[in-house]
Amino acid sequence: MTTTRVVLVDDEPLVRAGLRVILDAEPDLEVVGEAGDGADVPGVVARERPDVVLMDVRMPRVDGIAATRALLAREPAPRVLVVTTFENDDHVLDALRAGAHGFLLKRARPEEVVQAVRVVARGESLLFPDAVRRLATARPPAGDELRDARLTEREGEVLRLVAQGLSNAEIAAELYLGVETVRTHVGNVLAKLGVRDRTQAVVRAYESGFVRPV
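- By the naming in an unreviewed UniProt entry, the protein is Response regulator, taken from Cellulosimicrobium composti.

What follows is the structure, encoded as structure tokens:
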């Protein structure tokens, strides 16, 4: 069994202690390090080489947004899962823009925390379409509707379905395509938008007005 190495970043020791108990109870997860502020993250990550970093979004010196941006600028970069108290926190949207692979509420149940870590460790994005939509549409659209990206009609269809939270298999069924074909379209969309993953693509789609809330 492959063990996923996790680093916890939160300025509240009690939160870190609770997350450690939850994650260390799982045979495939191991907390290998902690940090109390974003300023301490690079050193801990360089030393421990985690697969996943659980990152508090609000910290006193260096917040989770800056810390996420710094981590993802280096190679190899760990997966970053933002932890927040409120799902409507604007800082969450900024962290997703910076490249975080999803977010998790501090009130999440233990099984949800475990599942979230496993999802991002597999290389997937933890996408909550409704929450991302609310965050992204709270600000006026930029108005470009992604014209510069020059998405094909099919790529636009795929992006709209990604924004609804559909998996590649679900998109394939919806559009009567093969899963590999959908995976190729998703890869093309990410490349044309210049984003790292599906979560960033959805944020761009809503912020630009390409996808509008219903």
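## Observations concerning the overall build of the protein
Part 1 of the argument: Looking only at helices and strands, the protein features ten helices and five strands.
Part 2 of the argument: Relative to its 214 residues, the protein shows a buried fraction of 50%.
Part 3 of the argument: A separation of at least 24 residues holds for 66% of the contacts in the protein among residues at least 6 apart in sequence.
Part 4 of the argument: Of the roughly 10,500 Å² of accessible surface on the protein, a fraction of 50% belongs to carbon and sulfur atoms.

## Topic: helix α7 (residues 153-163)
Part 1 of the argument: Residues of α7 that are buried: Glu155, Gly156, Val158, Leu159, Leu161, Val162 and Ala163.
Part 2 of the argument: Looking one or two residues beyond α7, the residue adopting positive phi is Gly165, at roughly 95°.

## Thoughts on the pattern of salt bridges
Part 1 of the argument: Taken as a whole, this structure holds 16 salt bridges when the rule is applied.
Part 2 of the argument: Between Lys106 and Asp10 there is a salt bridge, and its shortest N-O distance comes to 3.1 Å. Placement of Lys106 in the loop between β5 (103-105) and α5 (110-121) and of Asp10 in the loop between β1 (4-9) and α1 (13-24) is noted, with a sequence separation of 96 residues between them.
Part 3 of the argument: A relative accessible area of 3% places Asp10 in the buried class.
Part 4 of the argument: Between Glu157 and Arg154 there is a salt bridge, with its nearest N and O atoms 2.8 Å apart. Of the two residues, Glu157 and Arg154 both sit in helix α7, three residues apart, roughly one turn of that helix.
Part 5 of the argument: For Glu157, a relative accessible area of 29% corresponds to the partly exposed category.
Part 6 of the argument: A relative accessible area of 30% places Arg154 in the partly exposed class.
Part 7 of the argument: Here the salt bridges share partners, and the residues they tie into one network are Arg16, Arg20, Asp24 and Glu34.

## Regarding the side chain of His101
Part 1 of the argument: Of note, His101 is situated in the loop between α4 (90-98) and β5.
Part 2 of the argument: Polar contacts involving the side chain of His101 include one to the side chain of Arg79, which spans 3.3 Å.

## Observations concerning the packing of aromatic side chains
How two aromatic rings sit relative to each other is given by the distance of their centres and the angle of their planes.
Part 1 of the argument: Following the criterion strictly, the structure yields zero aromatic pairs and no others.
Part 2 of the argument: One residue, Arg160, lies across the ring of Phe210, its end atom 4.1 Å from the ring centre.

## Considerations on the pairing of strand β2 (residues 29-35)
Part 1 of the argument: Burial within β2 is extensive, with five of its seven residues counted as buried.
Part 2 of the argument: The pairing of β1 with β2 spans six bridges and is classified as parallel. Across the sheet, residue Val6 finds its bridge partner in β2, namely Val31.
Part 3 of the argument: Assessed by its sense of winding, the connection that carries the chain from β1 through α1 to β2 is right-handed.

## Let's talk about empty space enclosed by the protein
Part 1 of the argument: Within the structure shown, the criterion is met by one cavity of 30 Å³ or more.
Part 2 of the argument: In this structure, the largest cavity occupies an estimated 40 Å³ of space.
Part 3 of the argument: Every residue along the wall of the largest cavity is listed here: Val158, Leu159, Val162, Val186, Val189, Leu190, Arg198 and Ala201.
Part 4 of the argument: Contributions of two or more residues to the lining of the largest cavity are made by α7, α9 (179-193) and α10 (198-208).

Definitions and limits used
Residues numbered from 1 in each chain as written. Predicted model: local features only at pLDDT ≥ 70, side-chain atom pairs only at ≥ 80, totals over all residues. Heavy atoms only, no water. Helix = DSSP H or I, 4+ residues; strand = E, 2+ residues; numbered from the N terminus. Buried < 20%, exposed > 50% of the residue type's maximum accessible area, 1.4 Å probe, protein only. Contact = heavy atoms within 4.5 Å. Areas by Shrake-Rupley, 256 points an atom, 1.4 Å probe, with all protein chains shown as cover. Salt bridge = Lys/Arg side-chain N within 4 Å of Asp/Glu carboxyl O. Polar contact = N/O pair within 3.5 Å; in protein donor to acceptor, adjacent residues only side chain to side chain. Phe/Tyr/Trp six-rings, centres within 6.5 Å; stacked < 30°, edge-to-face > 60°. Lys NZ or Arg CZ within 6 Å of the ring centre and 35° of its normal. Pairing = 2+ DSSP bridges. Right-handed = clockwise from strand over helix to strand, strands pointing away. 1 Å grid on protein atoms, 1.4 Å probe; cavity = no way out; pocket = protein on both sides within 12 Å on 5 of 7 lines; lining within 4 Å. Points joined across faces, edges and corners; volume = space filled by probe spheres on them.

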